[in-house]
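Coordinates in review
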Amino acid sequence: MVLCQGGEAAAAAVSAAGGKEPEVPLSQEDDAGPGQPQLCPAPGAEAAGAEEPRVCGCCSGLSWPRCCKAPGTKKKASCPGLGLFYTVLAAFLFSVTSLFLKKIEDVHAVEVSAFRCIFQMAFVLPGLIYYKTGFLGPKGKRIYLFFRGFFGSSAMVLLYYAFQVMPLADATVLTFSSPVFTSLLAWIFLKEKYSIWDLLFTLFAITGVVLIARPPFLFGSNITGIEGNYTDHLKGTIAAITSALSAALTFVILRKVGKSVHYFLSIWYYAVIGLTGCVITLFLVNEWSLPYCGKDRVLLILIGVLGLGGQIFLTKALQIEKAGPVAIMRTMDVVFAFILQILFLNHLPTWWTVGGALCVIASSSGTAIRKWQQSSKKAKQNEI
């Protein structure tokens, strides 16, 4: 056995994986090229009748007759649209989670977030032990992981608060301004290109936010279609926008870290820092208490389970589908939010909300399509 071109990278990958060879789906063999880790048969091994089986690294260690590079071997057909189906399923689970959050009574948003973090920790802990990643991560990356956990958990708490004090569809739409903030922050901190198209999408998002927030100095004092008083509506709007900004900062940090840190470790920091911050906040504001009735306790468990399920399906979608189509399909969150709000909360959205939703969806979809085109163009240039 010998290592072909890129063998040093393959050896490093195997070492980083704890001695296990990284598995690569059969559907990704077309991406193999110069520099791709690959194990190939040693020259003359077949002629010498070596007992050691020939192995190809691009096929997860399958023996040579079954290798994707072997003559006459048929490729394993992938299920078309499976990644998009996972995305829609994740969007549905996230929307149902938001609906259950609206149904909970007398439970603070910070306390709900704390229960969500507990479920995250319970899910991630076995993975950390199995992959032997440790609990702190590489020394040079810990500061990034800390801020990833801080901004990620802050985004969750603020979003849950927005869901509690404003209409479900309004809060969901406002969170979809996150891709616009991501482009702007990536331009500032990562020196990524910010074009006139990105500026246009930003203006679309701002227009959508204004239509949903409906400030009195533009729309007058008699504002309809909101829950409670306008002060709570304004607080919810500010919380949702800040949540979107925090999520954008999280994406920028994750982009900065790249693949140098296992994603389980990233989620671990998110859960631990989030739980710590939630517990401290609850004791400071004196809001820590178990739900009074069994229904709220069941809803808390369902929020944790469904939220975790949504994250799993979204992660699976990103593993087998390109980020652009996934980001566009994520807008189904808004559609589900409108449907659930009408069916279960008896709250009809106003035309201002619909107009704002269209502006924000157009902005986030446009940003996703443009990034998708740029990454595809860069990939073609690399192939050449």
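You'll find the structure just up there.
Remember, it's a predicted structure, so these values are computed and weren't measured experimentally.

With respect to a nonpolar patch on the surface
- On the surface, Ile196, Trp197, Leu199, Leu200, Leu203, Phe204 and Ile206 cluster together to form a nonpolar patch covering roughly 670 Å² of accessible area.
- Trp197 gets classed as partly exposed once you look at its relative accessible area, which sits at 45%.

With respect to the pattern of salt bridges
- Taken as a whole, this structure holds 2 salt bridges when the rule is applied.
- The closest approach of N and O atoms between Arg214 and Asp170, which form a salt bridge, is 4.0 Å. Remark: Asp170 occurs in helix H5 (residues 168-175) and Arg214 occurs in the loop between helix H7 (196-213) and helix H8 (216-219); sequence separation between them is 44 residues.
- Overall, Asp170 belongs to the buried group, its relative accessible area being 1%.
- Arg330 is the partner of Asp333 in a salt bridge, and the nearest nitrogen-oxygen pair spans 2.9 Å.

Description of the state of the cysteines
- This model, assessed by the stated rule, comprises 0 disulfides.
- There is no disulfide at Cys117, and the cysteine sulfur nearest it, in Cys278, is 5.0 Å away.

Some remarks on unusual backbone geometry
- Residues other than glycine seldom take positive phi values, yet Lys132 does so here, at roughly 55 degrees.
- Along the chain, the position of Lys132 falls in the loop between helix H3 (109-131) and helix H4 (142-165).
- You will see that Asn346, though not glycine, has its phi angle at about 50 degrees, which is positive.
- Of note, Asn346 is situated in the loop between helix H13 (332-344) and helix H14 (351-383).
- Overall, the relative accessible area of 68% leaves Asn346 in the exposed class.

Quick notes on the nonpolar core
- Counting residues in each nonpolar core, the largest one holds 44 residues, and the members touching the most others are Ile104, Val112, Tyr160, Phe163, Val173, Leu174 and Ile303.
- Those residues in contact with Val173 that lie beyond four places of it in its chain are Ile212, Val334, Phe338, Gly356, Ala357 and Val360.
- Listed in part, the 13 residues of the second largest apolar core include Leu128, Phe264, Ile267 and Trp268.

Topic: the environment of Phe115
- With respect to the helices, strands and loops of the structure, Phe115 is situated in helix H3.
- Phe115 gets classed as partly exposed once you look at its relative accessible area, which sits at 22%.
- For the pair Phe115 and Leu275, spaced 160 residues apart in sequence, the C-alpha separation works out to 8.0 Å.
- Each residue touching Phe115, except ones within four places of it in the same chain, is listed here: Leu290 and Leu300.

Observations concerning the packing of aromatic side chains
- The final tally for this structure, using the stated rule, is 12 aromatic pairs.
- Their ring planes at 25 degrees and their centres at 6.1 Å tell us that Phe147 and Phe151 sit as a pair that is stacked. One end of the pair, Phe147, and the other, Phe151, are both in helix H4, 4 residues apart, so they sit about a helical turn from each other.
- Among the residues examined, Phe147 registers a relative accessible area of 35% and is labelled partly exposed.
- Three or more aromatic residues joined by ring pairs make a cluster, and in this case those are Phe123, Tyr130, Tyr131 and Phe264.

Points about H13
- With 13 residues, H13 should reach 18 Å at 1.5 Å per residue; the first-to-last C-alpha distance of 18 Å fits that figure.
- In the segment just after H13, Asn346 is the residue with positive phi, at about 50 degrees.

Digging into the environment of Ala271
- The topology assignment puts Ala271 in helix H10 (residues 263-285).
- Remark: the alpha-carbon pair of Ala271 and Gly152, spanning 119 residues in sequence, is separated by 9.0 Å.
- Those residues in contact with Ala271 that sit more than four places away from it in its chain are Cys117, Gln120 and Met121.

Regarding the side chain of Ser177
- One can find Ser177 in the loop between H5 and helix H6 (178-189).
- Overall, Ser177 belongs to the buried group, its relative accessible area being 2%.
- Polar side-chain contacts of Ser177 include one of 2.7 Å to the backbone oxygen of Leu174.
- Apart from the residues within four sequence positions on either side, Ser177 is in contact with Ala205, Ile241, Ala244 and Val360.

A short note on the packing of H3 against H10
- Axis separation between H3 and H10 bottoms out at 8 Å; the angle between their running directions is 150 degrees. Relative to H10, the element H3 is oriented roughly antiparallel. In this structure, the crossing between H3 and H10 has a hand that is left-handed.
- Its residues assigned to classes, the contact of H3 with H10 comprises 20 nonpolar, 5 polar and 1 charged.

The rules behind these values
Residues numbered from 1 in each chain as written. Predicted model: local features only at pLDDT ≥ 70, side-chain atom pairs only at ≥ 80, totals over all residues. Heavy atoms only, no water. Patch = residues over 30% accessible without salt bridge, like charges linked within 9 Å, V, L, I, M, F, W, Y side chains within 5 Å. Areas by Shrake-Rupley, 256 points an atom, 1.4 Å probe, with all protein chains shown as cover. Salt bridge = Lys/Arg side-chain N within 4 Å of Asp/Glu carboxyl O. Buried < 20%, exposed > 50% of the residue type's maximum accessible area, 1.4 Å probe, protein only. Helix = DSSP H or I, 4+ residues; strand = E, 2+ residues; numbered from the N terminus. Disulfide = S-S within 2.5 Å. Core = buried A, V, L, I, M, F, W, Y, C linked by side-chain atoms within 4.5 Å. Contact = heavy atoms within 4.5 Å. Phe/Tyr/Trp six-rings, centres within 6.5 Å; stacked < 30°, edge-to-face > 60°. Expected span 1.5 Å × (residues − 1). Polar contact = N/O pair within 3.5 Å; in protein donor to acceptor, adjacent residues only side chain to side chain. Axes fitted to C-alpha atoms, helices over the stretch in contact; angles between N-to-C directions. Parallel < 35°, antiparallel > 145°, perpendicular 65-115°, else oblique. Left-handed = near helix turned anticlockwise from the far one by under 90°. Nonpolar A, V, L, I, M, F, W, Y, C, P; charged D, E, K, R; others polar.

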